[in-house]
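Chain and residue survey
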Amino acid sequence: MRLDRNLLLPHLLKRRAREQQDRVFLQQVEGDRSLTYAKAHETALRWADAFRKLGVKKQDTVISMLPVGFDSVHCWVGLNWLVAWEVPVNTMYQGRMLSYMLENSQAKVAVIGERYLDRLTAAIPNTGKVEMVIVPDATGPLPNLPLPRITGEQFLDGAEPREDHHGPEPWDITEIFYTSGTTGPSKGVLFSHTQMYASCETTTEHYTPEDCFYGPFPMYHVSGKNFVYATILANMRLVIREQFKT
């Protein structure tokens, strides 16, 4: 039996946004910020439109190297609307490992957190096909790089929350997760929307919309993605932070 496409991440977020407009979806410990379902859906659509204006299309790979936060969710869902493939990179990577990811993923666009730009600079000689670097959380002038780069404000300038995206089908790919590389160079694993749904469905069996998940998990790992998706499936609230603290 084929999975109902309305249960796939971007389609389900769209439904939640319409049904629960002002319900809080995400809360971030750092900065005590919150985001409603409606705003999350609208912003993801703006990211999709901005990516499309950069030429990102179906089955294109896009590198993301972002701290846990709202931008990491917007980037993922926005790319889902285009049926493009996010390649989330471990934020500890640098040097040879980062160069390998940039080269092997064949991504033309990279979304990098401001705090990781120095690592990108060091990896520049081997950046593969990367043609554009987006720094969504830039707080000041961007450093000189031998690549075009734009801030989040520039990236989203003129982008609209357009509803003209067909979005993914169950068999489409949502992510390429790279293995840890214990037996050689890391290998990219194609992760479908159906597989993502299956890994989250059982998580929500015993929860109600009044419950809340705590998710201090990295968004470059399936654990971080699972809690975002499971929260939407259960129509709950997710509290995120950059790392676990008691």
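Heads up: these notes are all about the structure in this document. (Residues numbered from 1 in each chain as written. Predicted model: local features only at pLDDT ≥ 70, side-chain atom pairs only at ≥ 80, totals over all residues. Heavy atoms only, no water.)

With that settled, the discussion passes to the sheet that holds strand β11 (residues 237–240). What the four strands build is an open sheet, ordered β2-β1-β11-β10; its pairing is mixed. Looking along the sheet, the strands with just one partner apiece sit at the ends: β2 (33–36) and β10 (212–215). The mean angle between the axes of side-by-side strands here comes to 20°, regardless of whether they run parallel or antiparallel. Where β10 meets β11, four bridges bridge the pair, whose relative direction is parallel. The partner of Gly-215 across the bridge, within β11, is Ile-240. (Pairing = 2+ DSSP bridges. Helix = DSSP H or I, 4+ residues; strand = E, 2+ residues; numbered from the N terminus. Axes fitted to C-alpha atoms, helices over the stretch in contact; angles between N-to-C directions.)

So, about helix α8 (residues 222–233). Between its terminal C-alpha atoms α8 stretches 16 Å, which fits the 16 Å expected from 12 residues at 1.5 Å a residue. Listing the buried residues of α8 in full gives Gly-224, Lys-225, Asn-226, Val-228, Tyr-229, Ala-230, Thr-231, Ile-232 and Leu-233. Asn-235, located one to two residues past α8, shows a positive phi value of around 60°. (Expected span 1.5 Å × (residues − 1). Buried < 20%, exposed > 50% of the residue type's maximum accessible area, 1.4 Å probe, protein only.)

Here we take up the nonpolar core. Core analysis: the biggest nonpolar cluster contains 53 residues, and Phe-25, Phe-51 and Tyr-229 have the highest contact counts within it. Here Tyr-229 is in contact with Leu-7, Leu-8, Leu-9, Leu-12, Trp-76, Met-196, Tyr-197 and Cys-200, once residues within four sequence places are set aside. Core analysis: the next-biggest nonpolar cluster, separate from the first, contains 25 residues, Leu-98, Leu-117, Val-135 and Ile-173 among them. (Core = buried A, V, L, I, M, F, W, Y, C linked by side-chain atoms within 4.5 Å. Contact = heavy atoms within 4.5 Å.)

Within the structure shown, the criterion is met by nine aromatic pairs. Their ring planes at 65° and their centres at 5.0 Å tell us that Phe-51 and Phe-155 sit as a pair that is edge-to-face. Of this pair, Phe-51 sits in helix α2 (residues 37–53) while Phe-155 sits in helix α6 (residues 152–156), and the two are 104 residues apart along the sequence. On the accessibility criterion, Phe-51 (0% relative accessible area) is buried. Connected via pairs of aromatic rings, a cluster forms that spans Tyr-207, Phe-213, Phe-217 and Phe-227. (Phe/Tyr/Trp six-rings, centres within 6.5 Å; stacked < 30°, edge-to-face > 60°.)

A few words now on the layout of surface pockets. Taken as a whole, the largest pocket holds about 280 Å³ of empty space. Surrounding the largest pocket, 18 residues form its lining, Gln-28, Arg-33, Gly-69, Phe-70 and Asp-71 being those nearest its centre. Counting only elements with at least two residues in the lining of the largest pocket, the list comes to β2, α2 and α3 (70–82). Examining the composition of the lining of the largest pocket, we find that four residues originate from one element, α3, more than from any other. When its residues are assigned to classes, the lining of the largest pocket shows five nonpolar, five polar and eight charged. (1 Å grid on protein atoms, 1.4 Å probe; cavity = no way out; pocket = protein on both sides within 12 Å on 5 of 7 lines; lining within 4 Å. Points joined across faces, edges and corners; volume = space filled by probe spheres on them. Nonpolar A, V, L, I, M, F, W, Y, C, P; charged D, E, K, R; others polar.)

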